[in-house]
Structures are given as C-alpha cells and as structure tokens.
Amino acid sequence: MGNANTGFVHRNAALLAVEMSLPQVTVTSDEIDEMLAPARKRLRLPKGVLQRVAGVYERRWWRDRENGWKQGVVLAAERAMAKAGIMRDQVDLIINASVSRQHLEPAVATTVHHSLGLPTSAMNFDITNACLGFVNAMTMAAGLIDSGQVRYALIVGAEDVERAQHGTIERLNSKTAVRDDFNNQFASLTLGSGAAAAVIGPADEHPEGHRLKVTQARAGTQHHELCIGDMHDMRTDSAGLLENGISLILDTWKDANDAGHDFRSIEHIIPHQVSMVYTRNFSKITGVSMDRIPVTFPDWGNIAAEAVPMTLAHHQENIARGERVLLLGVGSGLNTAMMEVEW
C-alpha cells in the first residue's frame, strides 16, 4: 500500500527525562503590532491579527542575542541528564533537531556536544525535518537503543527566531511590500524561541522510565512548496498548509487506529503548537476533546521542532503513571509522525 503509514514498534526504549528552557525576554503581539506600524498604516492592516487569527499573544526571545540559544539548550540538557540520573560519560549519542542554525556547517550538534563536555565517543549529528525533527530524532534514537548500538541518547534542540522576525518586520515595513507579502510572511511572526532536551535509555534498566511504544509516520511531500524558509526569510501558504496538514494528520490517524493502536483513547495528546485554528481542527477531525490537548502557543508561539517536547515538559506533572501520551509532530514538507508513550 503506497499511501499507508510507516510503523515503528519500540521494544526496549524509554523516555527517562524531558526538560525545557524558556528565553528571558517576553515579546507581546501588541509589541509586534507597534513594530509593524508603518506597514499597518500603509497597507491598512488592523491591530491584533496575530491574536485573532493565530491565538498567539506572546513569544520569547533570548536576552543574549549571540549565545542565548546555546545557554538555553545546555541548561535544558543538563537538567534532563540530572533528572535521568546519567553522567556525561554515559551519553553515547547526541542529536540536535532544531530548525534554527547560525551556519550551514558545522552541525549544531557539535557546538552542543562541546559545550556540554561530552566524551569523544559520543556520536553527534543534526536531524533537520522542519518542525518534526525532534520526534524523528526520538524515533531514531529508540531504534539504536533497541538494536543495542546505543545505551543512552540525548536529543536536544533550540530555536532562535528574533533575527528572522526582525528581518520579516523590516521587509513588511518597506515601501515595496504589498498585502500578499504580509499574508505570505504572517506565519513567521507567530514563531517563538526556546530549547528542549530529552534523554532516552534502555527500558529494561529503567523501570521508572516512560516506555516508547510505537511511532506512526506518513509523508505528504507533494506539498513540499507550501512553506519554504531559509535563515533570513520564511514564506508560507498558511491556508494550504492548514488544509493539507490536517488532511495528512487525519490519514495517519485513521491508519494507525485501523492498525489497532487506538489513539482515540489516549489520555494526553500533544500536537505541534501552531495556532488555535489548527488545534480546534485537529480536535474536530479526531474527536479528541480539547481538555486532553495542552496548549502553549498562546504564551510561547510556535517553537518549531521544540514545540512538542517543550509542551510535554511543561505538562508532564499532570500525567499519571500508566497513562498514555501521544506526541504528534508535523513539519513543512509535509511530514508527520505520532509517537505513543506509556507514562
């Protein structure tokens, strides 16, 4: 079946810890409106569009514009390793899954590896798959643990959107910008900065861990041109991304349930944090009530690949032992993956 899901069964991998780090500077959507005053006046744009359309009221920026992201991801990683009870020399693998990067090379993972003082034996590399990267990295790490090649894996990521948002605001305020430019670049104004880290290890050695059960993944790459970004600019067909992203998720969801995974009964569903329109559409098509879906985008914005792990880290105190959690990643491309975790 060429259009079916790809399924991964995780046999001996557990999530031992997930932690996050929030940047120090809060930037409200009202402040973004003020920064866009020339564009709003010239293009006759109303105030409050970010709040009304996306449901994003605030986002965060790092106080240290050069090294804030690095300090944030190191802090999250140190917290995660401490909570998991592992030392630096036990880390066999570190994967960076962030979208943000200051350079095309070397890999961001090398900077984090060095900053953490990890051993030379710890393999390190990046996985980039838009906002799906962190869930992809967890799936890869689980496979390596199941195969016995890796004992402990550290998944990290940090997003830094301030420079991109300043660039977007500058372009929209230019005299050549038109309404189509605002529509195409609107999504970049909903982004936020933040960092997350997770430790995955062998379940048979950690009965206190949270068992990774299955991952269901699916590709919809005929839509790969709906959102295209580089280190300075991101242009998005927001309506097309919403429509086709929801369709891809629904197809994945249906096939997963047809395969007997019963995602409908899972107590905690953590989807990618995009907007209220997206979240309500997801709730409607799956029949999952909103009270089972924790949301963080109103306060943090869309933190790209770190949106799911940061929301999980924020919500984890509300999860009881034995309950099930579904991590639902989706990224430009389009690709999606749904990972079930037994808490």
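Residues numbered from 1 in each chain as written. Predicted model: local features only at pLDDT ≥ 70, side-chain atom pairs only at ≥ 80, totals over all residues. Heavy atoms only, no water.

Engineer: Please give an account of the packing of aromatic side chains that cites residues and values.
Structural biologist: According to the stated counting rule, one finds three aromatic pairs in the structure shown. For the pair W253 and F282, a centre-to-centre distance of 5.9 Å together with 90° between the ring planes defines the contact as edge-to-face. Of this pair, W253 sits in helix 9 (residues 238–258) while F282 sits in helix 10 (residues 276–286), and the two are 29 residues apart along the sequence. Residues W253 and F282 agree in their burial class; the two are buried. (Phe/Tyr/Trp six-rings, centres within 6.5 Å; stacked < 30°, edge-to-face > 60°. Helix = DSSP H or I, 4+ residues; strand = E, 2+ residues; numbered from the N terminus. Buried < 20%, exposed > 50% of the residue type's maximum accessible area, 1.4 Å probe, protein only.)

Engineer: Describe the nonpolar core, naming the residues involved and giving the relevant values.
Structural biologist: Within the largest apolar cluster, 38 residues are counted, with the highest numbers of intra-cluster contacts made by L15, M138, I200, L212, L312 and L327. Here the element with the most residues in this core is helix 6 (residues 133–146); it accounts for seven residues. Not counting residues within four places of it along the chain, the set of residues in contact with L327 comprises M138, I270, V308, L312, A337, M338, M339 and V341. Counting residues in each nonpolar core, the second largest holds 28 residues, with A77, L118, V199 and A203 among its members. (Core = buried A, V, L, I, M, F, W, Y, C linked by side-chain atoms within 4.5 Å. Contact = heavy atoms within 4.5 Å.)

Engineer: Break down the pairing of strand 5 (residues 93–96) for me, citing the residues and quoting the values.
Structural biologist: Burial along strand 5 is two-sided: the residues L93 and I95 and I94 and N96 are all buried. Two strands pair when backbone bridges link them, and strand 5 and strand 6 (residues 123–126) are joined in this way by four bridges, in the parallel orientation. Across the sheet, N96 pairs through a bridge with D126, a residue of strand 6. Running through helix 5 (residues 108–116), the crossover from strand 5 to the neighbouring parallel element strand 6 is right-handed. Where strand 5 lies against strand 7 (residues 153–159), four bridges are found, and the strand directions are parallel. If you follow L93 over to strand 7, its bridge partner there is A153. (Pairing = 2+ DSSP bridges. Right-handed = clockwise from strand over helix to strand, strands pointing away.)

Engineer: Provide a residue-level description of the side chain of H206, including the pertinent values.
Structural biologist: Along the chain, the position of H206 falls in the loop between strand 8 (194–202) and strand 9 (210–219). In this structure, H206 is in contact with L16, A84 and Y152, ignoring residues within four places of it in sequence.

Engineer: Give a description of helix 9 that names residues and reports values.
Structural biologist: Every α-helical turn comprises 3.6 residues, leaving residues that sit three or four positions apart pointing alike. For helix 9, spanning 21 residues, the distance from its first C-alpha to its last is 30 Å, which sits close to the expected 30 Å at 1.5 Å a residue. Residues of helix 9 that are buried include every one of G240, G245, I246, L248, I249, L250, T252, W253, A256 and N257, and no others. Where helix 9 is buried, its residues contact strand 9, strand 12 (268–271), helix 10, strand 13 (324–331) and strand 14 (335–342). G260 occupies a position one or two residues after helix 9 and carries a positive phi of about 95°. (Expected span 1.5 Å × (residues − 1).)

Engineer: Describe unusual backbone geometry, with residues and values.
Structural biologist: A cis amide bond links E105 to the next residue, P106, at an omega of 0°. Topologically, P106 is positioned in the loop between strand 5 and helix 5. A cis geometry characterises the amide bond from G333 onward to L334, with omega recorded as -15°.

Engineer: Describe in detail the packing of helix 4 (residues 68–84) against helix 5, supporting the description with residues and values.
Structural biologist: Relative placement of two packed helices is described by the angle separating their axes and the distance separating the axes. Direction vectors running N to C along helix 4 and helix 5 enclose 60°, while the axes themselves pass 10 Å from each other. With respect to helix 5, the element helix 4 is oriented oblique. Where helix 4 crosses over helix 5, the two elements pack in a sense that is right-handed. Along the contact surface, helix 4 presents W69, K70, V73, V74, A77, E78 and M81, while helix 5 presents V108, T111, V112, S115 and L116. (Axes fitted to C-alpha atoms, helices over the stretch in contact; angles between N-to-C directions. Parallel < 35°, antiparallel > 145°, perpendicular 65-115°, else oblique. Left-handed = near helix turned anticlockwise from the far one by under 90°.)

Engineer: How would you summarise helix 6 if you had to cite specific residues and measurements?
Structural biologist: The end-to-end C-alpha distance of helix 6 is 20 Å, a good match for the 20 Å that 14 residues give at a rise of 1.5 Å each. For helix 6, the complete set of buried residues consists of G133, F134, V135, A137, M138, T139, A141, A142 and I145. Phi for G148, located one or two positions after helix 6, is positive at around 85°.

Engineer: Break down the packing of helix 9 against helix 10 for me, with residues and values.
Structural biologist: Where helix 9 contacts helix 10, the two axes come as close as 10 Å, and the packing angle between them is 35°. For the crossing formed where helix 9 meets helix 10, the hand is right-handed. The segment helix 9 lies against helix 10, with L242, I246, I249, L250 and W253 engaging V277, Y278, N281, F282, I285 and T286. When the residues that make up the contact of helix 9 with helix 10 are grouped by side-chain class, the tally is nine nonpolar, two polar and no charged. (Nonpolar A, V, L, I, M, F, W, Y, C, P; charged D, E, K, R; others polar.)

Engineer: Describe the environment of F186, listing the residues and the values that go with them.
Structural biologist: Tracing the backbone through its elements, the reader meets F186 in the loop between helix 8 (179–185) and strand 8. Distance in space between the C-alpha atoms of F186 and M234 is 9.1 Å, their sequence separation being 48 residues. Excluding residues within four positions of it along the chain, F186 makes contact with V49, L50, V53 and A54.

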